[in-house]
Amino acid sequence: MKITMFGTGYVGLVTGTCFAEMGNDVICVDINPETVASLEAGRVPIFEPGLASMVASNHAQGRLRFTNDAALGVGHADIIFIAVGTPPGEDGSADLRHVLDVARTIGTHMETPKIIVNKSTVPVGTADQVRDKIAHTLRSRGAEVAFDVASNPEFLKEGAAVADFMKPDRIVIGCSSESCSRVLEQLYAPFNRNHDRIVHMDARSAELTKYAANVMLAARISLMNEFANLAETLGADIENVRRGIGTDPRIGYHFIYAGAGYGGSCFPKDVKALIHTAEKVGYEPMVMRGVEAVNEKQKGVLARKIQRHFDGALAGKRFALWGLAFKPNTDDMREAPSVVLIEALLAAGASVRAYDPEAGRKASTLFADRSGIEICTRRDDTLTDADALVVVTEWNEFRTPDFTHLARTLGAKAVFDGRNLYDPDYLESLGIAYYGIGRGR
């Protein structure tokens, strides 16, 4: 099929590339000439396992192209995906300007029937707004062109997005037209071979499904962090609790790991957006407010533990920090707990040497004008003259360091484990003061 993807960000680039991988003819449109030039030259602006090589191979085969020419993109496609950003406003609402700008562009250049698909995460009712914007633009031209609008939300995990797209656990198609549903079923057929993963529904339900999924997962994280904080007060170990409740098949083990709070481009934004949606219709979202409040507080948990250990005397102390991205296998630092921690340490007069396998370049840019922080290119370089180690992201290379070397190297012999990677008893047997999340210490 001939597909156009408006937006070459995380969702648009992964989606367009995976469709091309299955033999479709894909054009990705972006308004930024530098982004297009970079992608045409084979430079992928985000880290996502397997993406760069897939972009390169499909571009070389001519199935994946990048352009600034919106008219070319609209004219090319039978199916047009809108995958542009919906950044949060000051009130937490999703900003739909980019989505509606694309809808206007489609209406301006459309000459033949199309299916327009919202791939961006958007509030309930956005499909109706897109339909109205395209119809209004067509009327202003005096043109009559048939089109359908569908909602097809993405469920991609950063760090596993390519794998998630190629082998999805569900494909949600929200539209009211049977012909539209059939075309999208055909498009997704290569990803739906072993068993039927397609869930049909109306567009509004599809839009809410995306938000509900992310808020549900965020709620599990915040609830587990509440349990962890309570366990710490009661002298219990949240890791034992996690194993105890995870064996219940109604609960399971997914998203019940205590930590330093969630971050990224999805959970914080989507929780805020759904709260705003609820407020607009006069509903008080008490649980969702709690999810957000717990997470904001949890991002400061490591800083509070460090302050207590050093009796508030952090001036002149140096900290090794492992992990900058909000999760492993990505370079995304948006809303990352590491940023909150670094800001707190610097404000207290401490210095930081930080390392992340992929996010170092972004961290260097983010903290370019700040003194007191150095971004290292190797994990153990952070330990030079360090008083303590703080682990913020659970990258694999942080799981089994040389603990005896840590005991010899760290001036204050303290480890603050924001992801509960280590055995408290073993570290304490080496003379290291250990602080986890909800470990009764």
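Residues numbered from 1 in each chain as written. Predicted model: local features only at pLDDT ≥ 70, side-chain atom pairs only at ≥ 80, totals over all residues. Heavy atoms only, no water.

Engineer: Account for the overall build of the protein chain, naming residues and giving values.
Structural biologist: Helix and strand counts for the protein chain stand at 17 helices and 14 strands. For the protein chain, whose C-alpha radius of gyration is 24 Å, the value lies close to the compact-globule estimate of 22 Å for 441 residues. Reported as C-alpha extents along the three principal axes, the dimensions of the protein chain are approximately 75 × 45 × 45 Å. In the protein chain, which comprises 441 residues, the share counted as buried stands at 53%. For the protein chain, restricting intrachain contacts to residue pairs at least 6 apart in sequence, the fraction spanning at least 24 positions comes to 73%. Carbon and sulfur atoms provide 52% of the accessible area of the protein chain, an area that totals close to 19300 Å². (Helix = DSSP H or I, 4+ residues; strand = E, 2+ residues; numbered from the N terminus. Rg over C-alpha atoms; globule rule 2.2 N^0.38 Å. Buried < 20%, exposed > 50% of the residue type's maximum accessible area, 1.4 Å probe, protein only. Contact = heavy atoms within 4.5 Å. Areas by Shrake-Rupley, 256 points an atom, 1.4 Å probe, with all protein chains shown as cover.)

Engineer: Give me the packing of aromatic side chains: which residues, what numbers.
Structural biologist: Going through the model one piece at a time under the given rule, you end up with 15 aromatic pairs. Arranged with centres 5.1 Å apart and planes meeting at 80 degrees, the rings of Phe403 and Tyr422 form a pair that is edge-to-face. On the criterion of sequence distance, the pair formed by Phe403 in helix α16 (residues 403-409) and Tyr422 in the loop between β13 (414-417) and α17 (424-429) is long-range, its members being 19 residues apart. Given a relative accessible area of 4%, Tyr422 falls into the buried group. Here Phe416 and Tyr435 contribute two aromatic rings whose centre-to-centre distance is 4.9 Å and whose plane-to-plane angle is 10 degrees, an arrangement assigned as stacked. Here the residue Phe416 occupies a position in strand β13, and Tyr435 occupies one in strand β14 (residues 433-435), the gap between them amounting to 19 residues. Every member of this aromatic cluster is reached through a ring pair, and the members are Phe19, Phe81, Phe165, Tyr188 and Phe191. (Phe/Tyr/Trp six-rings, centres within 6.5 Å; stacked < 30°, edge-to-face > 60°.)

Engineer: So what's going on with the layout of surface pockets? Residues and values would help.
Structural biologist: Here the second largest pocket defines a volume of roughly 1000 Å³. Along the walls of the second largest pocket sit 39 residues, with Gly9, Ala83, Val84, Gly85 and Thr86 positioned nearest its centre. Elements with a minimum of two residues in the lining of the second largest pocket: α1 (10-21), α5 (97-109) and α11 (267-280). Examining the composition of the lining of the second largest pocket, we find that 4 residues originate from one element, α5, more than from any other. (1 Å grid on protein atoms, 1.4 Å probe; cavity = no way out; pocket = protein on both sides within 12 Å on 5 of 7 lines; lining within 4 Å. Points joined across faces, edges and corners; volume = space filled by probe spheres on them.)

Engineer: Which residues make up helix α12 (residues 286-298), and what are the values?
Structural biologist: For α12, spanning 13 residues, the distance from its first C-alpha to its last is 18 Å, which sits close to the expected 18 Å at 1.5 Å a residue. Every buried residue belonging to α12 is among Met288, Val291, Val294, Asn295 and Gln298, and all of these are buried. The buried residues of α12 occupy an angular sector of 130 degrees when projected down its axis, which confines them to one face. The exposed residues of α12 that point more than 90 degrees off its buried face are Met286 and Lys297. On its buried face, α12 sits against α9 (203-234), α11 and α13 (301-309). (Expected span 1.5 Å × (residues − 1). Arc of directions from axis to C-beta.)

Engineer: Describe the packing of α5 against helix α6 (residues 126-141), naming the residues involved and giving the relevant values.
Structural biologist: At a minimum axis distance of 8 Å, the contact between α5 and α6 shows a crossing angle of 35 degrees. As α5 packs across α6, the resulting crossing turns out to be right-handed. Residues Val99, Leu100, Ala103, Arg104, Ile106, Gly107, Thr108 and His109 of α5 lie in contact with α6, whose contacting residues are Thr126, Gln129, Val130, Lys133, Ile134, Thr137, Leu138 and Arg141. Across the contact of α5 with α6, the residue classes tally to 7 nonpolar, 6 polar and 3 charged. (Axes fitted to C-alpha atoms, helices over the stretch in contact; angles between N-to-C directions. Left-handed = near helix turned anticlockwise from the far one by under 90°. Nonpolar A, V, L, I, M, F, W, Y, C, P; charged D, E, K, R; others polar.)

Engineer: Describe in detail the packing of α9 against α12, supporting the description with residues and values.
Structural biologist: Their axes nearest at 9 Å, the elements α9 and α12 cross at an angle of 55 degrees. Taken together, the axis directions place α9 and α12 in an arrangement best described as oblique. Handedness of the α9/α12 crossing: left-handed. Contacts between α9 and α12 involve Val215, Ala218, Ala219, Ser222, Asn225, Glu226 and Asn229 on the former and, on the latter, Met288, Val291, Val294, Asn295 and Gln298. Broken down by class, the residue content of the contact of α9 with α12 amounts to 6 nonpolar, 5 polar and 1 charged. (Parallel < 35°, antiparallel > 145°, perpendicular 65-115°, else oblique.)

Engineer: How would you sum up the pairing of strand β12 (residues 388-391)? Please name residues and give values.
Structural biologist: One face of the sheet, then the other: side chains in a regular strand alternate in exactly this way. Burial of the side chains of β12 extends over both faces: Ala388 and Val390 are buried on one face and Leu389 and Val391 on the other. Sheet topology places strand β9 (residues 318-322) next to β12; 4 bridges connect them, and they run parallel. In the strand pairing of β12, Trp322 is matched with Val391. On the question of chirality, the crossover connecting β12 to the parallel β13 by way of α16 is right-handed. (Pairing = 2+ DSSP bridges. Right-handed = clockwise from strand over helix to strand, strands pointing away.)

Engineer: Would you mind going over the pattern of salt bridges in detail, with residue names and values included?
Structural biologist: With the rule as written, the count across this model stands at 28 salt bridges. Between Arg289 and Glu284 there is a salt bridge, with its nearest N and O atoms 2.6 Å apart. Overall, Arg289 belongs to the partly exposed group, its relative accessible area being 32%. Overall, Glu284 belongs to the partly exposed group, its relative accessible area being 42%. A salt bridge links Arg378 to Asp381, with the nearest nitrogen and oxygen atoms 3.2 Å apart. Judged by relative accessible area, which is 27%, Asp381 ranks as partly exposed. Look at the salt bridges and you will find they share partners, linking Lys2, Asp25 and Arg65 into a network. (Salt bridge = Lys/Arg side-chain N within 4 Å of Asp/Glu carboxyl O.)

Such coordinate-based values are descriptive only and should not be taken to indicate function.
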